[in-house]
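Listed below are the residues making up each chain.
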Amino acid sequence: MAEPLPAKVTRKLWRGDTRVWTHVFTDTETGDPIDLTGYAFLSQFRDDLDRGTVIATATCVIDADPTTGVMVETLTAAQADLLPGQTDPDEKPVVYWDLQSTDGDGAVQTWQYARVPVSGDASDA
């Protein structure tokens, strides 16, 4: 299987709002689902692109059948509330995010990354 380079993706967040993303990992050559048995995923939002301070962490749960290649990533409202607030209507604060996995052999791979603007949240549930 060819190892894909990390994909730059677009993400936008609202401070304090729950977000859920479903990822389907496939072999880039065959299109078959990657068996995620033994994998662990890490999703963090930081203040700096080069391993800055962790601001928020999303949970990553692999499907009950790991052979489907499906993993669900959830940023809870409590974690999203830790993101920087927007103080100027014309300028959104930014955080940096990536999604990494460690397989059963200990190999680490970054799958996706983004520079993420954070919109303010006037309401506080």
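Up top is the structure.
Residues numbered from 1 in each chain as written. Predicted model: local features only at pLDDT ≥ 70, side-chain atom pairs only at ≥ 80, totals over all residues. Heavy atoms only, no water.

J.: What's the story with the pairing of strand β5 (residues 54–62) in this structure? I'm lost.
T.: Remark: a regular strand shows side chains that alternate across the two faces of the sheet. Relative to β5, strand β4 (residues 40–46) runs antiparallel, the two sharing four bridges. Its bridge partner being in β5, R46 is matched across the sheet by V54. Here β5 runs beside strand β6 (residues 70–75); their pairing, made up of four bridges, is antiparallel. Each bridged residue has a counterpart across the sheet, and for V61 the counterpart in β6 is V72. (Pairing = 2+ DSSP bridges. Helix = DSSP H or I, 4+ residues; strand = E, 2+ residues; numbered from the N terminus.)

J.: Is there a simple way to think about unusual backbone geometry in this case?
T.: A negative phi angle characterises most non-glycine residues, just as the trans form characterises most peptide bonds. Notably, R51 is not glycine yet its phi reads approximately 60°, a positive angle. Relative to the elements of secondary structure, R51 occurs in the loop between β4 and β5. Residue class for R51 comes out exposed when judged on its relative accessible area of 73%. (Buried < 20%, exposed > 50% of the residue type's maximum accessible area, 1.4 Å probe, protein only.)

J.: When you look at the side chain of R11 in this model, what are you seeing that I'm missing?
T.: By the secondary structure assignment, R11 is in the loop between β1 (7–8) and β2 (13–14). Reaching out from R11, the side chain makes a polar contact with the side chain of E73 at a distance of 2.6 Å. When sequence neighbours within four positions are dropped, the list of residues in contact with R11 reads W21, H23, F45, E73, W97, R115, V116 and P117. (Polar contact = N/O pair within 3.5 Å; in protein donor to acceptor, adjacent residues only side chain to side chain. Contact = heavy atoms within 4.5 Å.)

J.: I tried to follow the nonpolar core on my own but got confused; where do I start?
T.: Generally speaking, nonpolar side chains in soluble globular proteins are found buried as a group. Core analysis: the biggest nonpolar cluster contains 21 residues, and L13, F25, L36, F41, F45, L75 and L83 have the highest contact counts within it. The greatest single-element share of this core, amounting to four residues, is contributed by strand β8 (residues 108–119). Not counting chain neighbours up to four residues away, the residues in contact with L83 comprise L13, R15, F45, I55, A56, L75, V95 and V118. (Core = buried A, V, L, I, M, F, W, Y, C linked by side-chain atoms within 4.5 Å.)

J.: Would you mind showing me how to read the pairing of strand β7 (residues 94–102) here?
T.: Only one face of β7 is buried, namely the one carrying V95, W97, L99 and S101, since none of V94, Y96, D98, Q100 and T102 on the opposite face is buried. The sheet contact formed by β4 and β7 spans seven bridges and is antiparallel. Bridge pairing in β7 links F45 to W97. With nine bridges connecting them, β7 and β8 associate as antiparallel partners. Bridge pairing in β8 places V95 opposite V116.

J.: Looking at this model, I keep getting lost on the pattern of salt bridges. Mind explaining?
T.: Oppositely charged side chains can form a pair if their charged atoms are brought close together. Using the criterion set out here, one finds one salt bridge in the structure. For R11, the salt bridge goes to E73, with nearest N and O atoms at 2.6 Å. Within this pair, whereas R11 is found in the loop between β1 and β2, its partner E73 is found in strand β6, the two being separated by 62 residues in sequence. Relative accessible area serves as the criterion here: at 5%, R11 is assigned to the buried category. (Salt bridge = Lys/Arg side-chain N within 4 Å of Asp/Glu carboxyl O.)

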